[in-house]
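Examination of the molecular architecture
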Amino acid sequence: VQLQASGGGLVQPGGSLRLSCRAPEHIFSSYLIGWFRQAPGKEREFVAAITWGGSRTYYSDSVEGRSTISRDSASTTVYLQMNSLKPEDTAVYFCAAQSQKHTIVVDDGSEYDYWGQGTQVTVSS
């Protein structure tokens, strides 16, 4: 299974970026998709997630209010719009897919079944 993450880049503090995660149709329609990030020397951390139908979204405290996760069925893509970016948002961002379970745990990377390659986000003046 291939998840394709893209959209990273260099942006000034206060700027915006939209990350994309394209998934195969069978994953997009039935898996929860999440975003994680990992900064140099730090552990991977949860950023945001959206359920397979898009009815529920989840955010970490560090990005809530500044970010929006959404999904587009036509392109089988999940987007992460990030605004008011800060230098501490600098990291490699990964998208991942989690199969439907009785109990959803969005912030534990070990609960996810598939991972995409990372996309670098650098926030610097």
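Attention now moves to the overall build of the protein. Scanning the protein from N- to C-terminus turns up one helix and 11 strands. Element order for the protein, N to C, with α for helix and β for strand: β-β-β-α-β-β-β-β-β-β-β-β. Against the 2.2 N^0.38 benchmark of 14 Å for 125 residues, the protein shows a C-alpha radius of gyration of 13 Å, consistent with a compact globule. Of the roughly 6,200 Å² of accessible surface on the protein, 44% is carried by carbon and sulfur atoms.

On to the state of the cysteines. Scanning the model with the defined rule gives one disulfide in all. Bridging cysteine 21 to cysteine 95, the disulfide has an S-S length of 2.2 Å. Here the S-S torsion is close to 70 degrees, and the disulfide linking cysteine 21 with cysteine 95 is therefore right-handed. Remark: cysteine 95 occurs in strand E9 (residues 91–99) and cysteine 21 occurs in strand E3 (residues 17–22); sequence separation between them is 74 residues. Its relative accessible area of 1% is what places cysteine 21 among the buried residues. Judged by its relative accessible area of 0%, cysteine 95 falls in the buried class.

Cut-offs applied
- Residues numbered from 1 in each chain as written.
- Predicted model: local features only at pLDDT ≥ 70, side-chain atom pairs only at ≥ 80, totals over all residues.
- Heavy atoms only, no water.
- Helix = DSSP H or I, 4+ residues; strand = E, 2+ residues; numbered from the N terminus.
- Rg over C-alpha atoms; globule rule 2.2 N^0.38 Å.
- Areas by Shrake-Rupley, 256 points an atom, 1.4 Å probe, with all protein chains shown as cover.
- Disulfide = S-S within 2.5 Å.
- Buried < 20%, exposed > 50% of the residue type's maximum accessible area, 1.4 Å probe, protein only.

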